[in-house]
Amino acid sequence: MGQRIYLIDDDEAIRFSLSALLATMGWETQTYDSVQRFQESEPDLQSLNGCLLLDIRMPGKSGITLLENWQQMGSTLPVIMMTGHGSIDLCRRAFKNGAFEFLTKPIDADLLLETVGAALEQQKESQQQRESQADLQAKLATLSAREQEVMALIIQGKSNKEMARDLSLSPRTVEAHRASLFARLEINSLAKLIKIYGGLKGTT
């Protein structure tokens, strides 16, 4: 699914004007008049792709309450907070809970477009990073227990002879495991192994 902007604001005029402005950039906007309506329409937050424009003060569940539970709910969408009644305390609470930006109404058009563009780019990069991480973990899962042991020792800087001694194997067997894990991980050098997999959880 392509990126989409999710706009939650109880003011119909603001929903209309911001949607029209965002459309000038070719962005698709889905609007909601309350947090409750948004949650009813989008139960699977983890599948959403884009960013959220969220008014802080609304009847029913407030925007700041949604933000405070946002990460616990499993969403990675950047959240841009909007308010016509900003305060230092609200601003602090928003950023403490992971807000991407805090905008005060009336919102400057150029600033809004710039902020949304940056949020969409951040979300795209984060999504690509998560997909890359998942791919690396999937390749790691194909290694045998012995290959994982050899890999951990390689990353520690052990030589074939040292690994053979530590694992009670012959150097030739260690070399065979090393060649096999390189093939499974689709890499061709020690430098790539350390760079790509050295920091991944489960490799040590």
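Residues numbered from 1 in each chain as written. Predicted model: local features only at pLDDT ≥ 70, side-chain atom pairs only at ≥ 80, totals over all residues. Heavy atoms only, no water.

Below, the discussion takes up the UniProt feature "modified residue: 4-aspartylphosphate" (unreviewed entry) in the protein. The sites that carry the UniProt feature "modified residue: 4-aspartylphosphate" (unreviewed entry) are, in the present numbering, Asp55. Note on placement: Asp55 falls in strand S3 (residues 50-55). A residue is classified by how much of its surface remains accessible, and Asp55, at 4% relative accessible area, is buried. (UniProt positions renumbered as here; feature names shortened; annotations may be inferred. Helix = DSSP H or I, 4+ residues; strand = E, 2+ residues; numbered from the N terminus. Buried < 20%, exposed > 50% of the residue type's maximum accessible area, 1.4 Å probe, protein only.)

Here the focus is the pattern of salt bridges. It is possible for side chains of opposite charge to pair when their charged atoms get near one another. Considering all chains together, one arrives at 10 salt bridges under this definition. With its nearest N and O atoms 2.7 Å apart, the salt bridge here joins Lys158 to Asp166. When its relative accessible area of 26% is taken as the criterion, Lys158 is described as partly exposed. Its relative accessible area of 38% is what places Asp166 among the partly exposed residues. Linked through salt bridges whose partners overlap, the residues forming this network are Asp9, Asp55 and Lys105. (Salt bridge = Lys/Arg side-chain N within 4 Å of Asp/Glu carboxyl O.)

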